[in-house]
Amino acid sequence: MGFSRIQSVFRRQKRLASAVMIQHTLFSLPFAVGALVLETAGEIPWNRVLWIILAVIGARNGANAVNRLIDKDIDAKNPRTRGRHLPSGQLTSWELWLFTGVCFALLVTSAFMLGPLCAALLPAALGIIVLYSYSKRFTWLCHFMLGAAVAIAPMGTLIALTNSLEWRFFPIPIGVALWVAGFDIIYGCQDIDFDRKEGLFSIPARFGARWALRISTLSHAGTAAAFAGLALFYPLGGIYWTGLVLIGILLIVEHSIVTPGQLKHIRTASYHINEIVGLLFMLTLILEVYI
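This is a predicted model, so every value here is computed, not measured.

Enquirer: For this particular structure, what's the right way to read the environment of T109?
Expert: Within the fold, T109 resides in helix α5 (residues 93-114). We classify T109 as partly exposed; its relative accessible area is 41%. At 2.8 Å, the side chain of T109 forms a polar contact with the backbone oxygen of A105.

Enquirer: Is there a simple way to explain the environment of L251 in this structure?
Expert: Tracing the chain through its elements places L251 in helix α11 (residues 238-256). Judged by relative accessible area, which is 6%, L251 ranks as buried. Separated by twelve residues in sequence, L251 and I239 have C-alpha atoms that sit 19 Å apart. Each residue touching L251, except ones within four places of it in the same chain, is listed here: W179, H220, N274 and V277.

Enquirer: What is the right way to read helix α7 (residues 142-162) from this model?
Expert: For the α-helix, the turn length of 3.6 residues means that residues three or four positions removed from each other point alike. Compared with an ideal rise of 1.5 Å per residue, which puts 21 residues at 30 Å, α7 spans 31 Å between its outermost C-alpha atoms and is within 8% of the ideal. At I152, α7 shows its maximal bend, which comes to roughly 35°, and the proline P154 appears one to four places after that position. Trailing α7 by a residue or two, N163 shows a phi angle of about 55°, which is positive.

Enquirer: Whenever I open this one, the packing of helix α3 (residues 46-70) against helix α6 (residues 116-135) confuses me. Can you help?
Expert: Helix packing for two helices is described by the angle between their axes and how far apart those axes are. With their axes 9 Å apart at the nearest point, α3 and α6 run at an angle of 30° to one another. It follows that α3 is roughly parallel to α6 by the angle criterion. Where α3 crosses over α6, the handedness of that crossing is right-handed. Of the residues in α6, those in contact with A59, A63, V66, N67 and I70 of α3 are I129, V130, Y132, S133 and Y134.

Enquirer: Even after reading the chapter, I still don't get the packing of aromatic side chains, so can you show me in this structure?
Expert: For any pair of aromatic rings, the description rests on two quantities: the centre-to-centre distance and the angle between the ring planes. For the structure shown, the criterion picks out ten aromatic pairs. Arranged with centres 5.0 Å apart and planes meeting at 55°, the rings of F31 and W179 form a pair that is tilted. Here F31 is found in helix α2 (residues 29-39), whereas its partner W179 is found in helix α8 (residues 171-188), with 148 residues between them in sequence. Neither F31 nor W179 differs from the other in exposure class; each is buried. Centre to centre, the rings of F31 and F227 are 6.1 Å apart; their planes meet at 25°, and the pair counts as stacked.

Enquirer: How do you make sense of the nonpolar core when you look at a structure like this?
Expert: Side chains of nonpolar character tend, in soluble globular proteins, to be buried together. Counting residues in hydrophobic clusters, the biggest one holds 65 residues, and the most contacted among them are I172, V176, W179, L230, Y240 and F281. With sequence-adjacent residues up to four places away left out, V176 is seen in contact with F31, V150, A151, P154 and F227. The next biggest cluster of nonpolar side chains, apart from the first, holds six residues, and it includes L69, L96, F99 and C103.

Enquirer: Just to check I follow, could you spell out unusual backbone geometry for this structure?
Expert: Most peptide bonds adopt trans geometry, and most residues besides glycine take a negative phi value. Residue A41 is not a glycine yet carries a positive backbone phi of 55°. By secondary structure assignment, the location of A41 is in the loop between α2 and α3. The phi dihedral of N163 is positive, around 55°, even though this residue is not glycine. If you trace the backbone, N163 turns up in the loop between α7 and α8. A residue is classified by how much of its surface remains accessible, and N163, at 37% relative accessible area, is partly exposed.

Each value, and the rule that gives it
- Residues numbered from 1 in each chain as written.
- Predicted model: local features only at pLDDT ≥ 70, side-chain atom pairs only at ≥ 80, totals over all residues.
- Heavy atoms only, no water.
- Helix = DSSP H or I, 4+ residues; strand = E, 2+ residues; numbered from the N terminus.
- Buried < 20%, exposed > 50% of the residue type's maximum accessible area, 1.4 Å probe, protein only.
- Polar contact = N/O pair within 3.5 Å; in protein donor to acceptor, adjacent residues only side chain to side chain.
- Contact = heavy atoms within 4.5 Å.
- Expected span 1.5 Å × (residues − 1).
- Bend = angle between axes of the 7 residues up to and from the residue.
- Axes fitted to C-alpha atoms, helices over the stretch in contact; angles between N-to-C directions.
- Parallel < 35°, antiparallel > 145°, perpendicular 65-115°, else oblique.
- Left-handed = near helix turned anticlockwise from the far one by under 90°.
- Phe/Tyr/Trp six-rings, centres within 6.5 Å; stacked < 30°, edge-to-face > 60°.
- Core = buried A, V, L, I, M, F, W, Y, C linked by side-chain atoms within 4.5 Å.

Distances and angles like these do not, on their own, reveal function.
What follows is the structure, given as structure tokens:
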């Protein structure tokens, strides 16, 4: 293989990574790691960690790839998204289908390696992941379906560690689901006119930007309540509460920079700030357990 051919392969791999937004694994993996550290009290079962991480990576990136494939025609119509890799021809559908197959194969293999309950729940997890990509076609609750899809990561991690389903597992996934729904509602505010024109469903399109931002705020209040509720099941001290306060401050900043009349900071509010939230949550639990 010549040098130019190698360069071409690397360029397409880079485009593929950009198309599925691999960096958005930061929205799920830190919560899975935090849940793992907390549930095991720092006694990490290293023989299971690799499979847990591979499952999270496979699920998250496979979900993003499927979403790009299912939304290809919608993205081509939307002026904001028509420059994405599929509509613009930078990648082909078969490349994303191949990537999706690899990711979901990774998820399936990991689930079976992690135990019978993970394997049994796999169809439900895949169903949620795929159904989300169609949900904007029939319900304005699509944001919460996205949240449920991302929340599979910490819930799956906790199930994988114990091969059981316990009440103490729910605060982190519920908090994550509401958190993701909250910032996805903010993100959806920039497509209100397009969604209404195309008959697509979203909370901003259904209720308008002002009420959408209020619903987003309530969702993030629910996130704070769910994360606080974690203390009902685990012994948590000052480090955790300090981290939760800092997360609350980040969410307040997120909502303060986006208003119905000022939407130019939507990407910062929806993505950049929230990438920090996940990492901060993970770091907080690591410090809480090990210090």
